[in-house]
Amino acid sequence: MRIPMIAGNWKMNTTVSEATELINEIGPGLEEVEGIEKVICPPFVSLCAAGDLVQESTIKLGAQNVFYEEKGAYTGEVSAPMLAELVEYVIIGHSERRQYFHETNEIVNKKVKAAKKAGLKPILCVGETLKEREAGQTKEVVTGQVKESLAGVEKLNGLVIAYEPVWAIGTGKAATGKQANETIGLIRSAISQLYGKDIAQKTRILYGGSVTPANVVEFMKEPEIDGALVGGASLKAIDFLSICTQTASLGK
Ligand code: PGA
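Note that the coordinates shown come from a computational prediction; the quantities given were computed from them, not determined experimentally.

Asker: Help me understand the overall build of the protein, please; the structure alone is not making it clear to me.
Answerer: The number of helices and strands found in the protein is 11 helices and 8 strands. Its C-alpha atoms give the protein a radius of gyration of 17 Å, near enough to 18 Å, the size a compact globule of 252 residues would have. Dimensions of the protein along its principal axes, counting C-alpha atoms only, are 45 × 45 × 35 Å. Within the span of the protein, comprising 252 residues, buried residues form 51% of the whole.

Asker: Explanation requested: the site of the ligand in the structure shown.
Answerer: Near the ligand you find 13 residues, and of these Lys 11, His 94, Glu 164, Gly 170 and Ser 210 are the closest. One nitrogen or oxygen atom from the side chain of Asn 9 is found 3.4 Å from an oxygen atom belonging to the ligand. Between the ligand and the protein, one listed contact pairs an oxygen atom with a backbone N or O atom of Ser 210 at 2.7 Å. Out of a free accessible area of 280 Å², the ligand has 95% covered by protein chains.

Asker: When you look at the pattern of salt bridges in this model, what are you seeing that I'm missing?
Answerer: Opposite charge on two side chains lets them pair, provided their charged atoms get close. Per the stated rule, a full pass over the model turns up 15 salt bridges. For Glu 37, the salt bridge identified is with Lys 60, shortest N-O distance 2.7 Å. Of this pair, Glu 37 sits in strand 2 (residues 37-41) while Lys 60 sits in strand 3 (residues 59-63); the two residues are 23 residues apart in sequence, bridging distant segments of the chain. Residue classification places Glu 37 among the buried positions, given a relative accessible area of 10%.

Asker: When you look at the sheet that holds strand 7 (residues 205-208) in this model, what are you seeing that I'm missing?
Answerer: The strands making up a sheet associate through backbone hydrogen bonding, with each pair oriented either parallel or antiparallel. Taken in spatial order, the 8 strands close into a barrel running 1-2-3-4-5-6-7-8, and their pairing is parallel. On average, each strand axis in the sheet is inclined to that of its neighbour by 25°, with strand direction left out of account. The pairing of strand 1 (residues 5-9) with strand 2 spans 5 bridges and is classified as parallel. Paired with Ala 7 across the bridge in strand 2 is Val 39.

Asker: What should I look at first to understand the packing of helix 5 (residues 105-117) against helix 7 (residues 138-149) in this one?
Answerer: If you want to describe how two helices pack, look at the angle between their axes and the distance between the axes. Running from amino to carboxyl end, helix 5 crosses helix 7 at an angle of 45°, the nearest separation of the two axes being 8 Å. With respect to helix 7, the element helix 5 is oriented oblique. Read as a crossing pair, helix 5 and helix 7 show a hand that is right-handed. Listed contacts from helix 7 to Asn 105, Val 108, Asn 109 and Val 112 of helix 5 are Gly 144, Gln 145, Glu 148 and Ser 149. Here the contact of helix 5 with helix 7 is composed, by residue class, of 2 nonpolar, 5 polar and 1 charged.

Asker: Can you help me understand the nonpolar core in this one?
Answerer: Soluble globular proteins tend to pack their nonpolar side chains together in the buried interior. Leu 83, Leu 150, Ile 187, Ile 191 and Tyr 207 are the most contacted members of the largest nonpolar core, which totals 61 residues. Those residues within four positions of Leu 150 in sequence are excluded, and the remaining contacts are Asn 109, Val 112, Leu 124, Leu 156, Leu 159, Ile 191 and Tyr 195. One finds Met 5, Tyr 89, Ile 123 and Leu 206 within the second-largest nonpolar core, a separate group that totals 12 residues.

Asker: Even after reading the chapter, I still don't get the layout of surface pockets, so can you show me in this structure?
Answerer: Empty space among the atoms becomes apparent when a probe as large as a water molecule is rolled across them. By volume, the largest pocket is sized at about 470 Å³. In terms of lining residues, the largest pocket is bounded by 19 residues, among which Met 12, Gln 64, Asn 65, Arg 97 and Phe 101 are the most central. It is helix 4 (residues 95-100) that contributes the most residues to the lining of the largest pocket, 3 residues altogether. There is about 220 Å³ of room inside the second largest pocket. Lining the second largest pocket are 21 residues, with Ser 210, Val 211, Gly 231, Gly 232 and Ala 233 positioned closest to its centre.

Asker: Where do I start with the environment of Gly 144 in this structure?
Answerer: Among the secondary structure elements, Gly 144 is positioned in helix 7. In this structure, Gly 144 is in contact with Asn 105 and Lys 139, ignoring residues within four places of it in sequence.

Asker: Hey, could you run me through the packing of aromatic side chains in this one?
Answerer: Aromatic ring pairs are reported here in terms of the distance separating the ring centres and the angle at which the planes meet. For the structure shown, the criterion picks out 4 aromatic pairs. Measuring from centroid to centroid gives 5.1 Å for Phe 67 and Tyr 74, while their planes differ by 50°, and the two rings are tilted. Taken together, the ring pairs in this structure connect Phe 67, Tyr 68 and Tyr 74 into an aromatic cluster. When the ring centre of Phe 101 is taken as origin, the NZ or CZ atom of Arg 97, which lies over that ring, is 4.1 Å away. Sitting over the ring of Tyr 68, Lys 110 keeps its end group 4.5 Å from the ring centre.

Scoring rules and cut-offs
Residues numbered from 1 in each chain as written. Predicted model: local features only at pLDDT ≥ 70, side-chain atom pairs only at ≥ 80, totals over all residues. Heavy atoms only, no water. Helix = DSSP H or I, 4+ residues; strand = E, 2+ residues; numbered from the N terminus. Rg over C-alpha atoms; globule rule 2.2 N^0.38 Å. Buried < 20%, exposed > 50% of the residue type's maximum accessible area, 1.4 Å probe, protein only. Near = heavy atom within 4 Å. Polar contact = N/O pair within 3.5 Å; in protein donor to acceptor, adjacent residues only side chain to side chain. Areas by Shrake-Rupley, 256 points an atom, 1.4 Å probe, with all protein chains shown as cover. Salt bridge = Lys/Arg side-chain N within 4 Å of Asp/Glu carboxyl O. Pairing = 2+ DSSP bridges. Axes fitted to C-alpha atoms, helices over the stretch in contact; angles between N-to-C directions. Parallel < 35°, antiparallel > 145°, perpendicular 65-115°, else oblique. Left-handed = near helix turned anticlockwise from the far one by under 90°. Contact = heavy atoms within 4.5 Å. Nonpolar A, V, L, I, M, F, W, Y, C, P; charged D, E, K, R; others polar. Core = buried A, V, L, I, M, F, W, Y, C linked by side-chain atoms within 4.5 Å. 1 Å grid on protein atoms, 1.4 Å probe; cavity = no way out; pocket = protein on both sides within 12 Å on 5 of 7 lines; lining within 4 Å. Points joined across faces, edges and corners; volume = space filled by probe spheres on them. Phe/Tyr/Trp six-rings, centres within 6.5 Å; stacked < 30°, edge-to-face > 60°. Lys NZ or Arg CZ within 6 Å of the ring centre and 35° of its normal.

Any functional reading would require information beyond the geometric quantities listed.
Structural data, given as structure tokens:
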């Protein structure tokens, strides 16, 4: 019912020529992987070149951020209508944006609405810090982020959620499959409360945080986990291919 998704978040890595090289490296192998959705999210400046390269392929593109105004005097920002000509997905509310660029749930909510208005599918990121987990606040934090980020959003229409515990991102300390499954179950319940059971069952919820070829199966075997948002390992062609191939071979 839910097609697994593997999305590569390249973050602030790769120049245009490096991005081109990486896509050329992963392209042929990825083309052979069937039954899952394969998404790459290069930096803004590489999206045009990436679009040309994946045009004839099954690889989809995402952006890593978006501004919530449509156009105007917002120097340096990129709007949803601009992205809509280039990508299908957009990552919104990544913990690095929340941490370094002070994005609140309110800002994330505006971005989600702007993205949806332009026809983009948000990959909405939520996740607790280590301090919050240790204080037993995981459920409260994560469901609060979901509810506030989706306030006033009537329909999800293909919106994807990524559960990324902040303590697991880029640290090499991934959550366990069980931990991720449990929290993703809580997120699905929150979606069910907001949009009904049917929509909750249809909505894909990914895990993110130190996913590698060595642990992807542990996550993908869990019933609530519908895919992965992959950072570091998405920059190594061989690793990203392996993560996609292993996910597809589970035949979820
Ligand atoms: P990581 O990043 O795989 O390098 O931990 C994941 C993410 O931030 O999306």
